[in-house]
Structures are given as structure tokens and as C-alpha cells.
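Report on the structure
Chain by chain, the residues:
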Amino acid sequence: MSFNIFFFIFTISAAKLLGPENWGLITLLSLFATYSSLFTFGVSNGMGILLPIALGKDQKEENYIVQNAFWCLVFSFIIIGLVQIFFIIKVKIPLSYFLFLVAYTFSIQLLNFLKVYLRSHQNFTLFSYAYFFQTMFLLMGFYLIKININYLMILSLINLFTVILVYSRIEKKKQKWSINKKQIIGLIKVGFPIMIAGIVGELLLSTDRLLISYFFDNIELGLYGFASNFFKGVRVIGVAISIITLPKIATSYSKGDFKSMLYFARAQQWVSFVLMITSSVVAILIAFKFFPIFLPEYLRSVNLIIILLIVASLLPLSKYANILNVIGKQGLYLKAQIFIILTNIIFSITLIYLGYGIEGVAIASLLSMILYVSLIRYLGSRAIKSLISKV
């Protein structure tokens, strides 16, 4: 949590120094780096499932999974690089940003690979060290951003130094680095659907910025991207609560204790909502008080911040999202997410053409979130009733 707090402060500081137009470019490149994970084919996700199964059963199988996932990931960087340079040229961004984009994407994927490896081995000590190192390096990042080092390059260095330090503490095993076609196909077969579900989930929360990048210039995207930092900052609270309650929901379901399962879902809903709405109110008061003094260039973002913080605070009220995934209704949940994404696109484009600008996109996100909460609650309650009736 401390890393997320420092990272939030770091992004606000960076946005202040860069200004709306440059921050809009950073927002665009960050989005593209996130969706570039599509070209990793989900090998890290597949490793996250297959490696824990292999551990304790077959040392040889464990080694094969790790080495094949790694080499497949390395190969995917070539594809990602080609796609990204095409993107840079297509949208007429200075070629110097290609290096920053590739380095940032590479560092994200490598750090994610390492964290999946540590989590699979249940090495939570080193896992926590990773966040500790990131936080320490991030503190140095405040100095680097002041001397005009590129924001994405700073994040890349933080991620890569974290990978190096954590990897140096891992007990090394003798590896025979070879590629097994069957193993790679297995990793992709398991990991690709999980990755697609993750991308759809990300799309649910970033469709607004993608649309703004298409319809508006970098200044407008920068103003909206700045406001979305507050959305992401508050959303972290809900994610943290979800990490705690999800195992309890899953355990209750495995025991057939549906009453406890619903209890933990309600607890997650209300604890998250209260903490998130409280944080949102504090953030809004701070914005009104200090933006005119310290961030006058982002004054237009204040209304966007208010709308997006309401959107974030409504998210936990869906209540049944984790339950749908636990009881085997992932497909239904995925379809609901895709429906909301399409609805958000329609709402946003309509309001853009009606002349409401980026504020209209924020309003469309709010309307879509209200629909999302209503739909997930409806589908979840029906699924629970059907589940109980079969007992």
C-alpha cells in the first residue's frame, strides 16, 4: 500500500512538471504499453496456473514451465517492439519515445513474470521485498523527474532494478535452457483466456481514455489522464480489500457455506465503499483547496476528478463480481463486462458528438458504472438463487 501512495504522489508531481500536453502523451503511451501484453499470449498467466500445480510433483516439469515461459516472453518482445514502432510512426510521435515505450513495456512484463514466479513458490518474503525495492527506487524517482529524465524511463529503471535485486536473492537452480513446443502451447492454452479476461477488465476501466485519445488532442487527454490518477488511487483500496476477502469467499464456497460466502461479499462491499467514498471526499476537498494555488493548469480536471471518484466509489457496490468468478460463472461475468464496454463506447461517442467534450466522456463512464453495478447485482443474485435451489 505504501508503494501505491508514493506512486500516486509521484504521478501527480510528474504531471505538474510535464503539463497537460506532455502528460497526455504519457497517458497514451502508458495505455499502449498496458495493451501490448496481448502479444505475450498470456504465458505469464499460464505459468501462474501450471507452475503451482507442478511444484512438489515434478522438479523437471517445474523447470520446463519456467524456462519455456521465459523464452516465449522474450520472443514476444520482438513482436511487441515491431507493433510499437508501427504505432509510434502511425500516430506521429517522435521516434525517441519508441525507446521509452519499449523499455517500459519490457520492464513491466519482466517484473510481472518475476512476481508470478515468487507467488507460485509462495515466497511472500521476496514478494514483499519487490514492493519495498520499488518504493525505495521510487523515492529516487522524485529527483530524476526534477532533472527532466523521461517519466516512462524512470519507471522502467525502477522496475528493472527491482527485478535485478529480487532475482539476486532467489536460490538459483541448474537450468537446461531449451524450448519445448508442447510446453509453450500448454502455457498459451491455459494463460491466453485468463489474459483476455484481464484485458477486458482493464478495458472496462480505461475505455474513456482510449476514446479521448482518438477524438481529442494530447492536452485534453492529459487533463483527463490526470483526473484518472485519482480514480486509480482510490480504486487501489477496493483491490486491497478484494485480495483479503476473495480467498474467504472461495473457501466458503468450497465448503458449501453460502451464508458465509455472502457475508464476506457484503463485508467487502461496504468496507470498500465506506473507505473509498471517504477517500474520495477528502481528495475532492483537497482539489478545491490546493489546485488553484499549486496546479492551476489542471483546474479543468477538478470536475472530471469529482465524476471519476464517484465512478470509483460505486464499483464495490456490484457486490457479486468475485462470487461470479468463484462459482464458475466467469463466462457470464465476461459477457457482462463486454456489454458494459460497448455501452460505454456508445454513451461516450453520443455525448462527444453532442458537444460535451471530455466531461461528456466522464459522464458516460458514470452512467456505464451505474448500469454495470445494477447488471452484476442482478446476475449475481440470480446465480446465487439458482445455486441454493440445487442444494
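Residues numbered from 1 in each chain as written. Predicted model: local features only at pLDDT ≥ 70, side-chain atom pairs only at ≥ 80, totals over all residues. Heavy atoms only, no water.

1. Thoughts on the overall build of the chain
Across its full length, the chain holds 13 helices and zero strands. Secondary structure elements of the chain, listed N to C terminal, follow the sequence α-α-α-α-α-α-α-α-α-α-α-α-α. Against the globule reference of 21 Å for 391 residues, the chain gives a C-alpha radius of gyration of 22 Å, in line with a compact fold. By principal-axis analysis of the C-alpha atoms, the chain measures approximately 60 × 55 × 35 Å. Per-residue burial for the chain yields a buried fraction of 48% across its 391 residues. When contacts within the chain are restricted to residue pairs at least 6 apart in sequence, long-range pairs at least 24 apart make up 82% of them. Of the roughly 19600 Å² of accessible surface on the chain, a fraction of 69% belongs to carbon and sulfur atoms. Taken as two groups, the 32 positive and 12 negative side-chain charges of the chain have centres that lie 9 Å from each other. (Helix = DSSP H or I, 4+ residues; strand = E, 2+ residues; numbered from the N terminus. Rg over C-alpha atoms; globule rule 2.2 N^0.38 Å. Buried < 20%, exposed > 50% of the residue type's maximum accessible area, 1.4 Å probe, protein only. Contact = heavy atoms within 4.5 Å. Areas by Shrake-Rupley, 256 points an atom, 1.4 Å probe, with all protein chains shown as cover. Lys, Arg positive; Asp, Glu negative; His and termini not counted. Charge placed at Lys NZ, Arg CZ, Asp CG, Glu CD.)

2. Overview of the nonpolar core
Within the largest apolar cluster, 113 residues are counted, with the highest numbers of intra-cluster contacts made by Leu29, Met47, Tyr151, Phe226, Phe291, Ile323 and Tyr372. Residues in contact with phenylalanine 226, not counting those within four places in the same chain, are Ile12, Ala15, Trp23, Phe291, Leu295, Tyr298, Ser301 and Ile305. (Core = buried A, V, L, I, M, F, W, Y, C linked by side-chain atoms within 4.5 Å.)

3. Thoughts on the packing of aromatic side chains
Considering all chains together, one arrives at 20 aromatic pairs under this definition. Between phenylalanine 226 and phenylalanine 230, the aromatic rings sit 5.8 Å apart at their centres with planes inclined by 65°, giving edge-to-face as the arrangement. Here phenylalanine 226 pairs with phenylalanine 230, and both are found in helix H8 (residues 218-254), just four residues apart, close to one helical turn. Both residues of the pair, phenylalanine 226 and phenylalanine 230, belong to the buried class. (Phe/Tyr/Trp six-rings, centres within 6.5 Å; stacked < 30°, edge-to-face > 60°.)

4. A word on unusual backbone geometry
The phi dihedral of lysine 92 falls on the positive side, at around 60°, and the residue is not glycine. Checked against the element boundaries, lysine 92 lands in the loop between helix H3 (59-90) and helix H4 (96-120).

5. Notes on the environment of threonine 135
By the element assignment, threonine 135 lies in helix H5 (residues 124-146). Sequence separation between threonine 135 and isoleucine 158 is 23 residues, and the spatial gap between their C-alpha atoms is 8.8 Å.

6. What to know about the packing of helix H7 (residues 181-215) against helix H12 (residues 330-353)
It is at 9 Å that the axes of H7 and H12 come closest, and there the two elements cross at 10°. The pairing of H7 with H12 is recorded here as roughly parallel in orientation. Mapping the contact onto sequence places Ala197, Val200, Gly201, Leu203, Leu204, Thr207, Leu211 and Phe215 in H7 and Leu334, Gln337, Ile338, Ile340, Ile341, Asn344, Ile345, Ser348, Ile349, Ile352 and Tyr353 in H12. (Axes fitted to C-alpha atoms, helices over the stretch in contact; angles between N-to-C directions. Parallel < 35°, antiparallel > 145°, perpendicular 65-115°, else oblique.)

7. Thoughts on the side chain of threonine 105
Tracing the chain through its elements places threonine 105 in helix H4. Relative accessible area serves as the criterion here: at 1%, threonine 105 is assigned to the buried category. Reaching out from threonine 105, the side chain makes a polar contact with the backbone oxygen of leucine 101 at a distance of 2.8 Å. Setting aside chain neighbours within four positions, we find threonine 105 in contact with Ala33, Ser36, Ile80 and Gln84. (Polar contact = N/O pair within 3.5 Å; in protein donor to acceptor, adjacent residues only side chain to side chain.)

8. With respect to the pattern of salt bridges
Evaluation of the coordinates by the stated rule reveals four salt bridges. In this structure, a network of salt bridges that share partners links the residues Glu220, Arg300 and Glu359. (Salt bridge = Lys/Arg side-chain N within 4 Å of Asp/Glu carboxyl O.)

9. What to know about H4
In a regular helix each residue adds 1.5 Å, so 25 residues correspond to 36 Å; H4 covers 37 Å between its end C-alpha atoms and thus fits that length. In the stretch just after H4, glutamine 122 is the one whose phi turns positive, near 55°. (Expected span 1.5 Å × (residues − 1).)

10. Quick word on the packing of H4 against helix H6 (residues 151-168)
Where H4 meets H6, the closest approach of the two axes is 8 Å, and the angle between their N-to-C directions is 30°. Overall, the two elements H4 and H6 adopt an arrangement that is roughly parallel. Where H4 crosses over H6, the handedness of that crossing is left-handed. Between H4, through Leu99, Phe100, Ala103, Tyr104, Phe106, Ser107, Ile108, Leu110, Leu111, Leu114 and Leu118, and H6, the contact on the second element is made entirely by Leu152, Met153, Leu155, Ser156, Asn159, Leu160, Thr162, Val163, Val166 and Tyr167. (Left-handed = near helix turned anticlockwise from the far one by under 90°.)

11. What to know about the confidence of the model for the chain
Confidence in the prediction of the chain, expressed as mean pLDDT, is 86, and 95% of residues score 70 or more. No element of the chain has a lower mean pLDDT than helix H2 (residues 43-54), which averages 78, and none a higher one than helix H10 (residues 301-314), which averages 94. (pLDDT = per-residue confidence, 0-100.)

12. Brief notes about helix H9 (residues 258-294)
Helix length check: H9, at 37 residues, gives a terminal C-alpha distance of 51 Å against a target of 54 Å (1.5 Å per residue), a fit within 8%. In the structure, H9 departs most strongly from a straight axis at phenylalanine 288, where the bend amounts to approximately 35° and where the proline proline 292 lies between one and four residues downstream. (Bend = angle between axes of the 7 residues up to and from the residue.)

13. Things to note about a nonpolar patch on the surface
A cluster of nonpolar residues, Val282, Ile286, Phe290, Ile293 and Phe294, forms a patch on the protein surface that exposes about 480 Å² of accessible area. As for its placement among the helices and strands, phenylalanine 290 is situated in helix H9. (Patch = residues over 30% accessible without salt bridge, like charges linked within 9 Å, V, L, I, M, F, W, Y side chains within 5 Å.)

14. Remarks on the side chain of serine 206
By secondary structure assignment, the location of serine 206 is in helix H7. Among the residues examined, serine 206 registers a relative accessible area of 0% and is labelled buried. If we skip the residues at most four places from it in the chain, serine 206 touches Leu31 and Tyr35.

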